[in-house]
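Observations on the three-dimensional arrangement
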Amino acid sequence: MFFRVFLILLTAAAVSNAGIVNTKHNLSVTGPGSIKAVSETEICVFCHIPHHEREGTPLWNRKMPTSVYNLYDSEFISRINYPTPQQPSEIEGQPGIVSRQCLSCHDGTVAIGAVYIVRGTELGNSVIQMQNVNPDGTLPSTLRTFIGTDLSVHHPVAIEYNPTIQKTFGDGSVKTVELVNPHPTPPIKLYTYGGKQYVECTSCHDPHKQNKQFLRVDVGNLAQDFKQTCISCHDKPGWTASAHNTDTRTYTDTGVNQHYGEGSPVSVADLGCGNCHKPHNVPPYPPSGKPLLRKPEEQTCFKGAAGQSNLAPCHGTGGAKDIESLLPPDRPYGHPVKTISDIHTILDVLYGYTSTETDPAGTYDIKFSGSKHAECMDCHNPHKASPGTHADNTDPSGWYPQNPTNLVSNTLSGVYGIEPVWPGRWTQPSTFKTMAEAQKEYQICMKCHSRWALGDSTNGDCTTPNTSSQSNIVLTDQSCEFNPYNRSAHPVVMTTNEMLALGGRYADPLTPAQLLPPWNSNVGNQTMYCTDCHGADAEDGVDPRGPHGSANKFMLKGPNTNWPTKPDGTLYTTGDVKAGTTQGLFCTNCHDLTQADVHMMTRPGPMYSIACVECHVAVPHGSPISRLIGYETMPEPYNYNYNGILQLKMRGFKWNTILSNRDAYAPSCGGGGMCHNTNAGGYDTYP
């Protein structure tokens, strides 16, 4: 019996020795790495001893570090109430003992040759002499394998594996930690202490395995092993069909291909998680606790694992889908992804101006007052976004969808959002429901372009205290403007027929003849995207679609991009409509103004050339008045300021089935005449 047990142990030792002999964990003089002994020939002695072992298993022979570690933490862990890592313990059975064994070399505080016993002799204060180490025998901090005592920039160890923790959002949806399986996919390993499962260094690494980076997973090259290691625990919803898991475009960065592809080209799909994340030595950029990104914020999206964006099949200048060159300051108008950095945090959408939640992380939120930001992850979920656009790919115009809708597309799938609780007309919502995944595009846009991020109106309407740094125009609350109880609005939130049912009938619906394709079909029963109007200035196959940046003011897109002034700075008027000189007028992308019943165009004199913004609000999202009409009592920017003069002229308007001289009340236009009357009785007044 003794011989059989001895034979089993001897065989196991031989297998382990055979696995480690050609790896850098062979620290004997025969090892292949640069860190190795000067003369010691034994291989296992650097970690193990058959008798008289010290703390640690199995049969541990190394001196253990006494370091106090700076542990991993993040806003996400705090905000989702996930248990933080525990200090790696020297006491066997407590979280971290296995990780501390690894750190006895890799944290740089204990000499590599500091072992207890060699061939029955206790070394005491002596150490095995090593090559290419620091003078005190420790691991040089310049090496890739150096971990140090700051564990906040590494994947957490001594952290509980708990897939049951989740955060409930205002609409009842939940965000989980995305550790879906009760146990990771083998061969990933967990350690049980006190009835709970923990992740340690050796959950992912097998120190005896002859494999790239000692990863337990061995399915291909290092890139493929890296990805499979991550998804063995992190089962992200939608990941399988996502672009970052399926895109076959490859890196041209020699370093990436050499390291991860072993000399062969590495594709986005091969590297998967590793395109954006790295488990060790993440740059310690502020704020701390980022989700192990390779580079600060947007630079990760631009460059991936490459050193330069033009060597990566990513979203940087010269990359496969160049977004970087569309963004300000390269384009005068757009989302400030490159100009505002280090503000993005996880789950910041939960903490807006009217939120009743207290942020347990006490860090950044979504408010413009102190956390103004625009990051790629605000509009895209890199784990779920999949190929596709709002519009049919065969659409040659590149600016409107073939099938009008407001539902999120594949590229916007899985993004946090908000849904306003709609109050009375032209009133800022005071309540918003946060959403783990927006279902409609406007729910993504409004988390920033509404009271939730912009704050309370100083005028008691839809204006906000903030001004655009690009146009110097007051930013408005779009949840207030698109409120379906308003008298008029573009059908971003719901169809015009649905809005009429909520707010009553205040104007004749548009006819098919007054609209251009695709809006002239099923009129009144369509919705639209914010990005039907706002996007890149060359979405006809030149620029990637989306509101990243533009040379056009307000990021207006389409064949016609001017509003409310012409390229020469003068205002568009009814005279331009009559004369057919509306080229460039943004409204004519969708509205056929040749069919418009603009009665004043038939009259000579001053009524012939009334500016569009003398009757209509200059921010045409919505209005408390029918037909996007505005009153002279409204503030900027609804009341357009042209050469120092506010343009709106009306004080009253009432819907009428038959044109009469009581449709509008505009005493500043002189009163009387065909459509103006000095008697405001019966008119739809506001405020």
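Because the structure is predicted, anything quoted here is derived from the model rather than measured.

1. Digging into the overall build of the protein chain
Per the secondary structure count, the protein chain includes 16 helices and 21 strands. Here the protein chain, with 687 residues, has 50% of them falling under the buried criterion. Residue pairs at least 24 apart in sequence account for 59% of intrachain contacts in the protein chain once pairs closer than 6 positions are excluded.

2. Concerning the sheet that holds strand S5 (residues 159–160)
Reading across the sheet, the three strands line up as S5-S9-S8 and stay open at both edges, with antiparallel pairing between neighbours. Pairing within the sheet leaves two strands with one partner each, and these edge strands are S5 and strand S8 (191–193). Note: S5 against strand S9 (residues 196–199), two bridges, orientation antiparallel. Bridge assignment links Ile159 to a residue of S9, and that residue is Val199.

3. Quick notes on the pairing of strand S11 (residues 417–420)
Regular strands have side chains that alternate between both faces of the sheet. By the alternation rule, side chains of S11 split into Gly417 and Glu419 and Ile418 and Pro420, which are all buried. Bridging between S11 and strand S12 (residues 432–435) involves four bridges; their strand directions are antiparallel. Looking at the pairing, Glu419 lines up with Lys433 of S12.

4. So, the packing of aromatic side chains
Applying the stated criterion across every chain, the model contains five aromatic pairs. Here Phe169 and Tyr416 contribute two aromatic rings whose centre-to-centre distance is 5.9 Å and whose plane-to-plane angle is 20°, an arrangement assigned as stacked. With Phe169 in the loop between strand S6 (166–168) and strand S7 (174–176) and Tyr416 in the loop between helix H11 (376–379) and S11, this pair connects stretches of sequence that are 247 residues apart. Between Trp426 and Tyr638, the ring centres sit 5.1 Å apart and the planes meet at 65°, which makes this aromatic pair edge-to-face. Highlighted residues: Trp426 in the loop between S11 and S12 and Tyr638 in the loop between strand S17 (622–623) and strand S18 (641–642), separated in sequence by 212 residues. Take Trp426 and Tyr638: they sit in the same class, and that class is buried.

5. Some thoughts on the pairing of strand S13 (residues 463–467)
Bridging between S13 and strand S14 (residues 474–476) involves two bridges; their strand directions are antiparallel. Within the sheet, the bridge partner assigned to Thr463 lies in S14 and is Thr476.

6. Some remarks on the confidence of the model for the protein chain
The predicted model of the protein chain averages 88 in pLDDT, with 89% of residues at 70 or higher. Scored below 50 in pLDDT, residues 1–16 shows one contact in the model against residues more than four places distant or in partner chains.

7. Describing the state of the cysteines
This structure, assessed with the given rule, holds one disulfide. A disulfide bridge connects Cys462 with Cys480, and the sulfur atoms are separated by 1.8 Å. Across the disulfide from Cys462 to Cys480, rotation about the S-S bond amounts to roughly -60°, and the bridge is consequently left-handed. In this pair, Cys462 is assigned in the loop between helix H13 (451–454) and S13 and Cys480 in helix H14 (residues 478–481), connecting sequence segments 18 residues apart. The two residues Cys462 and Cys480 agree in class, both being buried. Here Cys448 stays unpaired: no disulfide links it, and the sulfur of Cys379, its closest cysteine neighbor, is 7.2 Å away.

8. Let's talk about the pattern of salt bridges
As enumerated under the stated definition, the model contains 19 salt bridges in all. Here Lys557 makes a salt bridge to Glu539, at a shortest N to O gap of 2.8 Å. Residue Lys557 is located in the loop between strand S16 (549–550) and helix H16 (574–579), and its partner Glu539 is located in the loop between helix H15 (496–503) and S16; the two are separated by 18 residues in the primary sequence. As far as the burial class goes, Lys557 and Glu539 line up, both buried. Ionic contacts of the salt-bridge type, sharing partners, join the residues Lys212, Asp218, Asp225 and Glu262 into one network.

About the cut-offs
- Residue numbers restart at each chain and count upward from 1, following the sequence in its written direction.
- Totals for whole chains, interfaces and linings use every residue, but because this is a predicted model, local features are given only for residues with pLDDT of at least 70 and side-chain atom pairs only at 80 or more, for both listing and counting.
- Values reported for side chains reflect all heavy atoms of the structure, with hydrogen atoms and water molecules removed beforehand.
- Secondary structure is summarised from DSSP: a helix means a run of H or I of at least four residues, a strand means a run of E of at least two, and numbering begins at the N terminus for each.
- Each residue's exposure class comes from its accessible area (1.4 Å probe, protein chains only) as a fraction of the maximum for that residue type: buried when under 20%, exposed when over 50%, partly exposed otherwise.
- In this analysis, two residues are considered to be in contact whenever any of their non-hydrogen atoms come within 4.5 Å of each other.
- Strand pairing is defined by DSSP finding a minimum of two bridges between the two strands.
- Pairing of aromatic rings covers Phe, Tyr and Trp, the last counted by its six-membered ring, and requires centre-to-centre distances within 6.5 Å; plane angles under 30 degrees mean stacked, over 60 mean edge-to-face, and any other angle means tilted.
- Across the chain, each position has a pLDDT score giving the predictor's confidence in that residue, from 0 to 100.
- Two cysteine sulfurs form a disulfide in these notes if their separation is within 2.5 Å.
- Every case where a carboxyl oxygen of Asp or Glu lies within 4 Å of a side-chain nitrogen of Lys or Arg is listed as a salt bridge.

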